[in-house]
Amino acid sequence: MSATNVFENGLLSLIFENANYANVGDVTGLRGSSTAGVFWIGIHTTGPDDTSTQSTNEATYTGYTGAGARQSVARSTAGWSVASGVADNDSVITYGACTGGTNTITHFIIGSDQTGAGNAFLVGALGASLAVSSGITPSFAAGALDVTLD
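Notes on the structure in this doc start here. No experiment lies behind these values; they were computed from the predicted model shown. (Residues numbered from 1 in each chain as written. Predicted model: local features only at pLDDT ≥ 70, side-chain atom pairs only at ≥ 80, totals over all residues. Heavy atoms only, no water.)

1. Brief notes about the overall build of the protein
The line we're drawing: The helix count covers DSSP runs of H or I at least four residues long, the strand count covers runs of E at least two residues long, and both are numbered beginning at the N terminus. Our radius of gyration looks at C-alpha atoms and nothing else; its globule reference is 2.2 Å times the residue count to the power 0.38. Each residue is placed in one exposure class: buried if its accessible area under a 1.4 Å probe, protein chains only, is under 20% of its type's maximum, exposed if it is over 50%, and partly exposed if it falls in between. Values of accessible area rely on a 1.4 Å probe in the Shrake-Rupley scheme; residue burial ignores everything except the protein chains shown.
A tally of helices and strands in the protein yields 1 helix and 9 strands. Compactness check: the protein gives a C-alpha radius of gyration of 16 Å against a globular reference of 15 Å for 150 residues, within 12% of the reference. Here the protein holds 150 residues, and 37% of them are scored as buried. Total accessible area on the protein stands at roughly 7,600 Å², and carbon and sulfur atoms take up 53% of it.

2. Focus: the sheet that holds strand β9 (residues 146-147)
Convention followed: One requirement defines pairing of two strands: DSSP has to find at least two bridges between them. Two residues qualify as a contact provided that any one of their heavy atoms is within 4.5 Å of a heavy atom in the partner residue. Lines fitted to C-alpha atoms define the axes here, with helix axes fitted over just the stretch in contact, and angles between the N-to-C directions of these axes take values from 0 to 180 degrees.
Strand order in the open sheet formed by 3 strands is β3-β4-β9, with antiparallel pairing between adjacent strands. Each edge of the sheet is formed by a strand with only one pairing partner; in this case those strands are β3 (80-83) and β9. One ladder, built from 2 bridges, connects strand β4 (residues 86-89) with β9; its direction is antiparallel. When the bridges of β9 are listed, Asp 88 appears paired with Asp 146. Across the sheet, helix α1 (residues 5-17) lies against β3, β4 and β9, angled at about 175° from β3, the strand it touches most.

3. Description of the sheet that holds strand β6 (residues 103-111)
Ordered by their spatial adjacency, 4 strands build an open sheet running β2-β1-β6-β7, and the pairing between neighbours is antiparallel. Only two strands of the sheet have a single partner each, and these edge strands are β2 (71-74) and β7 (120-132). If you compare each strand with its neighbour and ignore which way they point, the axes differ by 25° on average. Pairing of β6 with β7, which is carried by 8 bridges, proceeds in the antiparallel orientation. By the bridge assignment, Ile 105 is partnered in β7 with Leu 130.

4. Considerations on the pairing of β2
The two faces of β2 differ: Gln 71 and Val 73 on one face are buried, but Ser 72 and Ala 74 on the other face are not. Pairing geometry for strand β1 (residues 38-44) and β2, over 4 bridges, is antiparallel. Residue pairing across strands places Trp 40 opposite Ser 72, the latter belonging to β2.

5. A look at unusual backbone geometry
Residues other than glycine seldom take positive phi values, yet Asn 23 does so here, at roughly 65°. Within the secondary structure, Asn 23 is located in the loop between α1 and β1. In this model, Ser 84 sits at a positive phi of 50°, which is unusual for a non-glycine residue. With respect to the helices and strands, the residue Ser 84 is situated in the loop between β3 and β4. Using a relative accessible area of 65% as the deciding quantity, one classes Ser 84 as exposed.

6. Examining the pairing of β4
Where burial is concerned, the two faces of β4 differ: the one with Ala 87 and Asn 89 is buried and the one with Val 86 and Asp 88 is not. Counting the residues between successive antiparallel strands, the hairpin from β3 to β4 contains 2 residues, one of them, Ser 84, with a positive phi of roughly 50°.

7. A word on the pattern of salt bridges
Heads up, the rule is: Salt bridges are defined as contacts in which a side-chain nitrogen from Lys or Arg sits within 4 Å of a carboxyl oxygen from Asp or Glu.
For the coordinates displayed, the defined rule picks out 1 salt bridge. Across the pair Arg 70 and Glu 58 runs a salt bridge, and its minimum N-O distance is 2.9 Å. With a gap of 12 residues between them, Arg 70 in the loop between β1 and β2 and Glu 58 in the loop between β1 and β2 connect regions that are remote in the sequence. The pair formed by Arg 70 and Glu 58 is uniform in burial state, with each residue classed as buried.

As structure tokens, then:
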């Protein structure tokens, strides 16, 4: 069984843009949150699985701490755009510059918490791995973080 594009767009808009999804169940449908909040996007060195937390295999290079670690993206149309069954980030997502150590970044996790184990909601592989060493600043260009429900 597969979801239709209409259903995928509706769910992605509800989840990422905090937009109401009308006519699911009744006319009012599925309602967005009264306070939308944010998602926290982390970068990881190996593929997380269905039991992973946000800290599973998370980047460890020097510079990926505090404000340089997981980055927030608002659950709104200012943070995400949904079209054709895909949710994309609207702005650049930039992590702390590496000042020591190395990592090879292969995956990302979208989750609930700024720090700690946190709930991992969605996981994905990068199109190509990123070797992080001194002077490298990992980032996702606007529109580069694609989330689908297929």
